[in-house]
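Notes for the structure review
For reference, the chains in residue letters:
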Amino acid sequence: MSNQNFRSILTGSFSTPCAGNPTVRMIEAGYAAAGIDARYINCDVKPENLREAVRGARAMEWIGFNCSIPHKIKIIEHLDDLAESARLIGAVNCIANRNGKLIGNNTDGQGFLASLKSVVDPAGKRVLIMGAGGAARAISVELALAKVSHITIYNQELEAAQNIAKIVNENTEAKAEAHEWSSTVKVPEGIDIVINATSVGFGDAEAIADVDVNTIKKNHIVADVIPNPPNTKLLRESAARGATTVHGLGMLVNQGRIGVKIWMDKELDADVMKKTLSNIFGV
Ligand code: NDP
């Protein structure tokens, strides 16, 4: 009789469509490098099957899983509790199984913050965020909890930007204001950090949000959430004007690392994960 353990730790992701999501490669490369016997299973879960998928993860004692589009809000009704920032953000992308209780976290904003902190401590800074979708919401809440002084949010649909500003103003010490994005955005005086949190640039290296790039200066830090292609036109134009740039692969790597830390209290090697993604994206 062998004493070997043939049972791997189970983790994974529920989303649809899921085939274009490279997270499985990145996390499994991290597990392998750390010598962790765990799997990350990328599952295509349709909205009508979400409840059963969560019951399955619970039944099979997965220790945690991510969820992505379109489940980040709907998943909440299947969970037992939420971490503070997930409650403020109103969306969950990372679930931990604590002795059978499923706890929802949101690591998108935390992943962004970790990536941003590689170039600047945002405490006391003034930030301009373009977009007011799920990523913008998560980033705004985490930046506010990280004590930025002020957030200016531009979005085509004003109400979404106003909702984020309200969450920030009512729950944190940071101040936030919302603007309708009806004409070209000019980066106002006094801004330190400019963030593209729209989906503009995803899958299109020539796409750029409607911002006057000549208002971007060398003292600015410009960050983009777009992971693919990572070197977006906004970042190229900003770098050409001397600004410091932060691309979306760092956010992806860090939200993955934070998730694994929540699930099993282990640190994965960021360089191994970054290299895996760089090979996939050819950057
Ligand atoms: P949502 O669909 O929730 O939000 C999209 C946002 O983009 C909305 O604010 C929308 O504005 C805005 N937008 C879309 N097209 C335009 C346009 N032409 N001009 C101006 N604004 C526009 O998506 P998410 O917030 O979930 O995701 C946004 C991006 O972030 C995605 O591309 C995703 O890949 C990326 N992301 C990256 C992560 C990473 O780890 N790097 C993690 C999570 C997301 P409106 O409301 O007016 O329509």
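To be clear, the structure that these remarks concern was listed above.
Residues numbered from 1 in each chain as written. Predicted model: local features only at pLDDT ≥ 70, side-chain atom pairs only at ≥ 80, totals over all residues. Heavy atoms only, no water.

What follows is about the overall build of the protein. Helices and strands together make up the secondary structure of the protein, namely 9 helices and 12 strands. Scaling as 2.2 N^0.38, a compact globule of 283 residues should have a C-alpha radius of gyration of about 19 Å, and the protein matches this with 19 Å. Referenced to the eigenvectors of the C-alpha coordinate spread, the extents of the protein come out at roughly 70 × 40 × 30 Å. Per-residue burial over the protein gives 51% buried out of 283 residues. Restricting the contact set of the protein to residue pairs at least 6 apart, pairs at least 24 apart contribute 69%. For the protein, the exposed surface amounts to about 13400 Å²; the carbon and sulfur share of it is 48%. With 30 positive and 31 negative side-chain charges, the protein shows a separation of 3 Å between the mean positions of the two kinds. (Helix = DSSP H or I, 4+ residues; strand = E, 2+ residues; numbered from the N terminus. Rg over C-alpha atoms; globule rule 2.2 N^0.38 Å. Buried < 20%, exposed > 50% of the residue type's maximum accessible area, 1.4 Å probe, protein only. Contact = heavy atoms within 4.5 Å. Areas by Shrake-Rupley, 256 points an atom, 1.4 Å probe, with all protein chains shown as cover. Lys, Arg positive; Asp, Glu negative; His and termini not counted. Charge placed at Lys NZ, Arg CZ, Asp CG, Glu CD.)

The next point concerns the side chain of aspartate 224. Checked against the element boundaries, aspartate 224 lands in strand S11 (residues 221–224). Buried and unpaired, aspartate 224 has no salt bridge, with arginine 236 as the nearest side chain of opposite charge at 8.8 Å. Of note is the side chain of aspartate 224, whose polar atom sits 2.9 Å from the side chain of asparagine 196. Setting aside residues up to four positions removed in sequence, aspartate 224 forms contacts with Asn196, Thr232, Leu234, Leu235, Val246, His247 and Gly248. (Salt bridge = Lys/Arg side-chain N within 4 Å of Asp/Glu carboxyl O. Polar contact = N/O pair within 3.5 Å; in protein donor to acceptor, adjacent residues only side chain to side chain.)

On to the packing of helix H4 (residues 108–116) against helix H5 (residues 134–145). Orientation of H4 relative to H5, taken along the N-to-C sense of each, is 60 degrees, at an axis distance of 7 Å. As judged from the angle between their axes, H4 and H5 are oblique. The handedness of the crossing between H4 and H5 comes out as right-handed. In contact with Asp108, Gly109, Gln110, Phe112, Leu113 and Leu116 of H4, H5 contributes Ala138, Ile139, Glu142 and Leu143. For the contact of H4 with H5, the class distribution of residues is 6 nonpolar, 2 polar and 2 charged. (Axes fitted to C-alpha atoms, helices over the stretch in contact; angles between N-to-C directions. Parallel < 35°, antiparallel > 145°, perpendicular 65-115°, else oblique. Left-handed = near helix turned anticlockwise from the far one by under 90°. Nonpolar A, V, L, I, M, F, W, Y, C, P; charged D, E, K, R; others polar.)

Generally speaking, nonpolar side chains in soluble globular proteins are found buried as a group. In terms of nonpolar packing, the biggest core is built from 31 residues, with Phe112, Leu116, Ile129, Ile139, Leu143, Ile151 and Ile195 touching the most fellow members. Looking at this core, the elements that each hand over two or more residues are H4, strand S7 (126–130), H5, strand S8 (150–155), helix H6 (158–171), strand S10 (193–196) and S11. Look past the residues within four positions of leucine 116 in its chain and what remains in contact with it is Pro122, Leu143, Ile193, Ile221 and Val246. Ile27, Ala38, Ala96 and Leu277 belong to the second-largest nonpolar core, a separate cluster that totals 21 residues. (Core = buried A, V, L, I, M, F, W, Y, C linked by side-chain atoms within 4.5 Å.)

The next point concerns the site of the ligand. In the neighbourhood of the ligand, 21 residues make up the surrounding shell, with Ala132, Ala135, Asn155, Val225 and Gly248 lying closest. In this structure, alanine 132 approaches the ligand through a main-chain N or O atom, which is 2.8 Å from an oxygen atom. Contacts to the ligand include alanine 135, whose backbone N or O atom sits 2.7 Å from an oxygen atom. The protein chains hide 71% of the 920 Å² of surface that the ligand would expose on its own. Ranked by the residues each element gives to the shell around the ligand, the list is headed by helix H8 (residues 248–264), at 3 residues. Per-class residue counts for the shell around the ligand are 11 nonpolar, 8 polar and 2 charged. (Near = heavy atom within 4 Å.)

Moving on: the packing of aromatic side chains. Counting across every chain of the model gives 4 aromatic pairs. Members of the aromatic cluster, joined through ring pairs, are Phe14, Trp62 and Phe65. (Phe/Tyr/Trp six-rings, centres within 6.5 Å; stacked < 30°, edge-to-face > 60°.)

Here 6 strands make up an open sheet; going across it, the order is S2-S1-S3-S5-S6-S4 and the pairing mixed. Each having just a single partner strand, strand S2 (38–44) and strand S4 (81–82) make up the two edges of the open sheet. Both strand S5 (residues 94–98) and strand S6 (residues 101–105) contribute to a ladder of 5 bridges, which runs antiparallel. What sits directly across from isoleucine 95, in S6, is glycine 104. (Pairing = 2+ DSSP bridges.)

A few words now on the sheet that holds S11. Strand pairing in a sheet relies on backbone hydrogen bonds, with the paired strands running either antiparallel or parallel. The strand order S9-S8-S7-S10-S11-S12 describes an open sheet built from 6 strands, whose pairing is parallel. Every interior strand has two partners, whereas the edge strands, strand S9 (175–180) and strand S12 (244–246), have only one. Strand-to-strand, the axes of this sheet are offset by a mean angle of 15 degrees, without reference to chain direction. Looking at chain direction, S7 and S8 are connected through 5 bridges and run parallel. Across the sheet, residue isoleucine 129 finds its bridge partner in S8, namely isoleucine 153. Here H5 sits on the sheet and contacts S7, S8 and S10; the angle it forms with S7, its principal contact strand, is near 170 degrees.

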